[in-house]
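Here's the letter readout for the chains.
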Amino acid sequence: MRWKGRRVSTNVEDRRGGGGAKAGGISILGLVVAFVAWKFFGVDPQQAYQATKQVTSQSQVAETQGLDHPTAEQQEAMDFVGTVLADTEDTWTQVFQQQLNSQYVPPKLVLFSGVVNSGCGTAQSAMGPFYCPTDQKVYIDTSFFKLMHQQMGISGEKNTTELARRDQAGDFAQAYVVAHEVGHHLQTLLGISEQVQKARNQANKVQSNQLSVRQELQADCFAGIWANRTQQRTQFLEQGDIEEAMDAAQKIGDDYLQKRATGQVVPDSFTHGTSQQRMQWFQTGLKSGNISDCDTFNQTI
Ligand SMILES: [Zn+2]
């Protein structure tokens, strides 16, 4: 994926480093780790809140400032995330004007390491990226990106020509994660999250999970629209990028995670959709570029 030399968003808050952040006890860590094994990432707002609430009571978090002297690697992570966020801003400003006749209000993105205070409570880095609707911020833990990078780097190594771009392995998959979280912000702006929450409160557990799946798949479809628009504007895609995202979707689909966790798939407890469903909806957004094609609530998923 090509990303250097484009506009970098000013909506990134760097809260990495500085130390001073102390997590709760081991049992809480265990809880969070179990939670991550189950979700890996893409935690929906309510779940993020539930999980963070349990951590909050036993955590003391000192707000950290941005890094005073970032390493080249840390600066690059900042620039990368800022560029992807700027791409989502350009995409959704345009789509809101053209298709919804309204003005897009972008989210802030908080980069953190260790523990962070959010409007939805205190979050551990092990939880993975999440969106908090209360403060309308996307939270990204850079160590999670490193983990993804390692995973994608290994699985993305297809042949010797691929070795040349090994450093970049996982870039597009990381960008896709940011775009997916911004998708949840769109759902908040459009009132979709609120409607889903209301419906879930009145639904049984199975129906409630299905609504959550539809909400997650819509965020994937929105991420597809971001890829479509950004490609039109900047030609940023390189060979293998889409496969990389699909590979990521494959690894993060609920069925894959559940197989890894328990050895069997339990469809009714899906909250993010299967790998197949996630790929399909990302592709739908990518091909169409039209927000009306992402109505996952009124279509067969
Ligand atoms: Zn999600």
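The coordinates are above.
Remember, it's a predicted structure, so these values are computed and weren't measured experimentally.

Cut-offs and rules
- Residues numbered from 1 in each chain as written.
- Predicted model: local features only at pLDDT ≥ 70, side-chain atom pairs only at ≥ 80, totals over all residues.
- Heavy atoms only, no water.
- Helix = DSSP H or I, 4+ residues; strand = E, 2+ residues; numbered from the N terminus.
- Expected span 1.5 Å × (residues − 1).
- Polar contact = N/O pair within 3.5 Å; in protein donor to acceptor, adjacent residues only side chain to side chain.
- Donors = N, O, S within 2.8 Å, 3.2 Å for Na, K, Ca; no water.
- Buried < 20%, exposed > 50% of the residue type's maximum accessible area, 1.4 Å probe, protein only.
- Disulfide = S-S within 2.5 Å.
- Pairing = 2+ DSSP bridges.
- Axes fitted to C-alpha atoms, helices over the stretch in contact; angles between N-to-C directions.
- Contact = heavy atoms within 4.5 Å.
- Salt bridge = Lys/Arg side-chain N within 4 Å of Asp/Glu carboxyl O.
- Phe/Tyr/Trp six-rings, centres within 6.5 Å; stacked < 30°, edge-to-face > 60°.
- Patch = residues over 30% accessible without salt bridge, like charges linked within 9 Å, V, L, I, M, F, W, Y side chains within 5 Å.
- Areas by Shrake-Rupley, 256 points an atom, 1.4 Å probe, with all protein chains shown as cover.

**What to know about helix α8 (residues 205-234)**
At step 1: Over its 30 residues, α8 extends 43 Å from the first C-alpha to the last, a length consistent with the 44 Å expected when each residue adds 1.5 Å.
At step 2: You can read the cap of α8 off the contacts: a side-chain oxygen lies 3.1 Å from the backbone nitrogen of V206, and it is on N204.
At step 3: Positioned one or two residues after α8, Q235 has a phi angle of 50°, which is positive.

**Notes on the coordination of the zinc ion**
In an ideal tetrahedron of four donors about a metal, each angle is 109.5 degrees. In an ideal octahedron of six donors, the angles are 90 or 180 degrees.
At step 1: Distances from the zinc ion to its protein donors, namely H180 (NE2), H184 (NE2) and E216 (OE), fall within the range 2.0 to 2.1 Å.
At step 2: Positions of the donor residues of the zinc ion, expressed as sequence spacing, correspond to H-x3-H-x31-E. Here H180 pairs with H184, and both are found in helix α6 (residues 171-189), just four residues apart, close to one helical turn.
At step 3: Residue class for H180 comes out buried when judged on its relative accessible area of 1%.
At step 4: On the basis of relative accessible area, H184 is assigned to the buried category, the value being 1%.

**Let's talk about the state of the cysteines**
At step 1: Evaluation of the coordinates by the stated rule reveals two disulfides.
At step 2: Note that C120 is cross-linked by a disulfide to C132, the S-S spacing being 2.1 Å. As the torsion about the S-S bond is roughly 90°, the C120-C132 disulfide counts as right-handed. Highlighted residues: C120 in the loop between β5 (115-118) and β6 (121-124) and C132 in strand β7 (residues 130-132), separated in sequence by twelve residues.

**A short note on the sheet that holds strand β1 (residues 12-15)**
At step 1: Reading across the sheet, the four strands line up as β1-β4-β8-β7 and stay open at both edges, with mixed pairing between neighbours. Two strands close off the open sheet at either side, each with one partner strand: β1 and β7. If you compare each strand with its neighbour and ignore which way they point, the axes differ by 25° on average.
At step 2: Lying over the sheet, α6 contacts β4 (108-112), β7 and β8 (137-141), oriented at roughly 25° with respect to β7.

**Structural notes on the pattern of salt bridges**
At step 1: On inspection of all chains with the given rule, the structure shows eleven salt bridges.
At step 2: Across the pair K4 and E76 runs a salt bridge whose closest N-O atoms are separated by 3.4 Å. Of this pair, K4 sits in the segment before β1 while E76 is found in helix α3 (residues 72-100), placing the two residues 72 residues apart along the sequence.
At step 3: When its relative accessible area of 37% is taken as the criterion, E76 is described as partly exposed.
At step 4: The shortest N-O distance in the salt bridge between R7 and D90 comes to 3.0 Å. Taken together, the residues R7 in the segment before β1 and D90 in helix α3 connect sequence positions 83 residues apart.
At step 5: Under the relative-accessibility criterion, R7 is labelled partly exposed at 41%.
At step 6: Residues participating in the shared-partner salt-bridge network are R6, R7, D87, E89, D90 and R233.

**Some words on unusual backbone geometry**
At step 1: Here N101, not a glycine, exhibits a phi torsion of approximately 50°, which is positive.
At step 2: Turning to its location among the elements, N101 is positioned in the loop between α3 and β4.
At step 3: For N101, a relative accessible area of 72% gives the class exposed.

**Some remarks on the packing of aromatic side chains**
At step 1: This model, assessed by the stated rule, comprises eight aromatic pairs.
At step 2: Ring centres of Y176 and F282 lie 5.0 Å apart, and the angle between their planes is 70°; this geometry places the pair in the edge-to-face category. Of this pair, Y176 sits in helix α6 while F282 is found in helix α11 (residues 275-288), placing the two residues 106 residues apart along the sequence. Side by side, Y176 and F282 carry an identical accessibility label, which is buried.
At step 3: Following the ring pairs from residue to residue traces out a cluster consisting of F172, W226 and F236.

**Thoughts on the environment of T88**
At step 1: With respect to the helices and strands, the residue T88 is situated in helix α3.
At step 2: Along the primary structure T88 and A179 are separated by 91 residues, whereas in three dimensions their C-alpha atoms are 6.7 Å apart.
At step 3: The contact partners of T88, leaving out residues within four places of it in the chain, are Y104, A179, V182 and W226.
At step 4: Engagement of the side chain of T88 in a polar contact is seen with the backbone oxygen of L85, the distance being 2.6 Å.

**Looking at a nonpolar patch on the surface**
At step 1: A contiguous nonpolar surface patch, about 270 Å² in accessible area, is contributed by L100, V105, L189 and L190.
At step 2: The topology assignment puts L190 in the loop between α6 and α7 (192-201).

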